[in-house]
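Take a look at the letters that make up each chain.
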Amino acid sequence: MGRRDLKLDEYNITKLQYRELHNFCLQYADKKRRLADLRDPYRSPQITGLPHGSGAGDPTGKAAERAALLAQEVEMIEQTAIEAAREVKMPEEYQNILSTVTSDVPLHFLQLLKGSCLTKYSYDKARRIFYYRLAQKRNFI
């Protein structure tokens, strides 16, 4: 069963913009994993058997640029979750809000297994605020 799109018309966020933001957040775990790989000091080139270029370049510099971009994106998602938690007056729920937007964790799971204090109203409000703030940071609105 597919998850329904969140309606954010009141925030001037279209359905397609919401989907882009949502998919950006779903990549959070992958971004963190790739960032950890790029920061690993014992990293070596991958041997895949596929041809690769041997031209002039700066692989260390390129890896540093990718790491900086990934770190910025991870930080943006985490900070936006903190802001949304503060706005619904539940800063201690930041981790649960982060789980919700990055892994599509439903409210009943948060309440039953993680002991979340979020109500349906505050859960929905936090998600809307999160996507609104993220849209601002990504210059969608």
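Residues numbered from 1 in each chain as written. Predicted model: local features only at pLDDT ≥ 70, side-chain atom pairs only at ≥ 80, totals over all residues. Heavy atoms only, no water.

Caption draft 1: Structural view of the packing of aromatic side chains. For the coordinates displayed, the defined rule picks out 3 aromatic pairs. Pairing Y11 with Y132 gives two aromatic rings, centres 5.0 Å apart and planes at 40 degrees, and the pair type is tilted. Residue Y11 is located in the segment before helix 1 (15-26), and its partner Y132 is located in helix 6 (residues 120-137); the two are separated by 121 residues in the primary sequence. By relative accessible area, Y132 is classed as partly exposed at 24%. Measuring from ring centre to ring centre gives 5.2 Å for F130 and Y131, while their planes differ by 85 degrees; the resulting arrangement is edge-to-face. Per residue, the accessibility class of F130 equals that of Y131, and both read buried. Here the aromatic residues Y18, F130 and Y131 are joined through ring pairs into a cluster of three or more. Residue placement shows R138 over the ring face of F24; its charged tip is 4.1 Å from the ring centre. (Phe/Tyr/Trp six-rings, centres within 6.5 Å; stacked < 30°, edge-to-face > 60°. Helix = DSSP H or I, 4+ residues; strand = E, 2+ residues; numbered from the N terminus. Buried < 20%, exposed > 50% of the residue type's maximum accessible area, 1.4 Å probe, protein only. Lys NZ or Arg CZ within 6 Å of the ring centre and 35° of its normal.)

Caption draft 2: Examining the nonpolar core more closely. Grouped together as the largest cluster of nonpolar side chains are 31 residues, with contacts concentrated most on C25, I77, L118, F130, Y131 and L134. Sorting the residues of this core by element identifies helix 1, helix 3 (59-87), helix 4 (94-103), helix 5 (107-113) and helix 6 as the ones contributing at least two each. Tallying contributions element by element places helix 6 first for this core, with 7 residues. With residues up to four places along the chain from it excluded, the contact list for I77 reads F24, C25, Y28, L98, T102 and F130. Counting residues in hydrophobic clusters, the runner-up holds 5 residues, among them L35, L38, A63 and A67. (Core = buried A, V, L, I, M, F, W, Y, C linked by side-chain atoms within 4.5 Å. Contact = heavy atoms within 4.5 Å.)

Caption draft 3: Main features of the pattern of salt bridges. Counting across every chain of the model gives 10 salt bridges. In this structure, D124 engages K120 in a salt bridge whose closest nitrogen and oxygen atoms are separated by 3.3 Å. Taken as a pair, D124 and K120 lie in helix 6 at a separation of 4 residues, close to a single helical turn. A relative accessible area of 52% places K120 in the exposed class. Overlapping salt bridges bring together D30, R33, R34 and D37 as one network. (Salt bridge = Lys/Arg side-chain N within 4 Å of Asp/Glu carboxyl O.)

Caption draft 4: Seen up close, the packing of helix 4 against helix 6. Contact geometry for helix 4 and helix 6: axes closest at 11 Å, N-to-C directions at 65 degrees. Comparing the axis directions of helix 4 and helix 6 gives the class roughly perpendicular. Where helix 4 crosses over helix 6, the handedness of that crossing is right-handed. Between helix 4 and helix 6, the residues in contact are I97, T100 and V101 and Y123, A126, R127, F130 and Y131, respectively. When its residues are assigned to classes, the contact of helix 4 with helix 6 shows 6 nonpolar, 1 polar and 1 charged. (Axes fitted to C-alpha atoms, helices over the stretch in contact; angles between N-to-C directions. Parallel < 35°, antiparallel > 145°, perpendicular 65-115°, else oblique. Left-handed = near helix turned anticlockwise from the far one by under 90°. Nonpolar A, V, L, I, M, F, W, Y, C, P; charged D, E, K, R; others polar.)

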